[in-house]
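So you can see what is in the structure, the chains are spelled out below.
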Amino acid sequence: MLRVAVPNKGVLSEPAAAMLAESGYRQRRSAKDLAVYDPENDTEFFYLRPRDIAVYVAAGTLDVGITGRDMLLETAPADGEGPAAVEVMELGFGRSSFRFASPTGSDVDDVAKLEGRRIATAYPGLLQRFLDEAGIKAGVVKLDGAVETACRLGVADAVCDVVETGTTLRAAGLRIIGDPVLASEAVLVRRAGGEEIPAVAQLRRRLRGVLVARQYVMLDYDCPNDLLPRATALTPGLEGPTVSPLQTPGWSAVRAMVRQQETNRVMDELWELGARAILVTSIAASRI
């Protein structure tokens, strides 16, 4: 039986459950459910705090889990001591960045100026590793939440926190400084060094199919044969377009996967090739 950890709350909870449901797995009907068994797939899902998921997977208690890259790295054992979980697949949602911020108008306007300062964070392990690698000596103030108020309350000179849009930081009178410490998103994790079992391979295939279906559409168009090389260069597909001859001499039908955000641009460029009556239609891609 496959045992999977799923976030029980927070920004990753609903998207993770939705993605698993699209992949054909049964999910809980109530937020009060702590575990759900899916008999058709012989899979049991456990709904846990996102910060704890990598710990359970690293210990081998659960086979795989969905968590954020930031939380995975935060719980990683120092210097490789003890069991660890590793990222095996990006899931395309829950994107954020781990960044420094300081009060607007303060002299801490660069990462180098964090030397000797106090930095508040809910991710002390992740922050300390960055400071050590950058050769910056600073005090780390661990907080469980509301990190953005630390400077106003006088317990820190700067903060390092997960940022999605930066709106919360700006509302607290903070400005982002320096480059992101980490780009995070939801990821599938499993125990380091463990062999992938068939059920995990199946889960990954299904999740990958959902990602493709969400990111691509199927584009169909008719094209004169003399323009095929240029047209198919615009629509290379995932592994190549499908080209079939039409009953009309000198014409072919082309079908290819195209990224959703590029569909209109590709359709415009196909039209601008100057062919006679290029017909372009798009349909939703099915899960593969």
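Just above sits the structure.
Okay, so let's go over this structure.

Conventions used here
Residues numbered from 1 in each chain as written. Predicted model: local features only at pLDDT ≥ 70, side-chain atom pairs only at ≥ 80, totals over all residues. Heavy atoms only, no water. Buried < 20%, exposed > 50% of the residue type's maximum accessible area, 1.4 Å probe, protein only. Helix = DSSP H or I, 4+ residues; strand = E, 2+ residues; numbered from the N terminus. Arc of directions from axis to C-beta. Contact = heavy atoms within 4.5 Å. 1 Å grid on protein atoms, 1.4 Å probe; cavity = no way out; pocket = protein on both sides within 12 Å on 5 of 7 lines; lining within 4 Å. Points joined across faces, edges and corners; volume = space filled by probe spheres on them. Nonpolar A, V, L, I, M, F, W, Y, C, P; charged D, E, K, R; others polar.

Counting along an α-helix, one turn takes 3.6 residues, and residues three or four places apart therefore face a common direction. Taken as a whole, helix H4 (residues 124–134) has its buried residues at Pro124, Leu126, Leu127 and Leu131. End-on, the buried residues of H4 take up no more than an arc of 165°, which puts them together on one face. Counted as exposed and oriented over 90 degrees from the buried face of H4: Asp132 and Glu133. In this structure, the buried side of H4 is in contact with helix H3 (69–74), strand E6 (96–103), strand E7 (118–121), strand E8 (139–142), strand E9 (158–163) and strand E10 (174–184).

This part is about the layout of surface pockets. Computed from the structure, the largest pocket encloses a volume of approximately 930 Å³. Considering the residues around the largest pocket, the lining is formed by 35 residues, among which Arg51, Asp70, Tyr123, Asp161 and Val162 are closest to the centre. Within the residue set of the lining of the largest pocket, elements represented by two or more residues are helix H2 (50–59), H3, E9 and helix H5 (167–171). Within the lining of the largest pocket, the residues separate by chemical class into 13 nonpolar, 11 polar and 11 charged. In this structure, the second largest pocket spans a volume of roughly 160 Å³. What lines the second largest pocket is Val57, Gly60, Leu62, Asp63, Val64, Arg190, Arg191, Gly194, Glu195, Glu196, Ile197 and Val200. Considered class by class, the residues forming the lining of the second largest pocket number five nonpolar, two polar and five charged.

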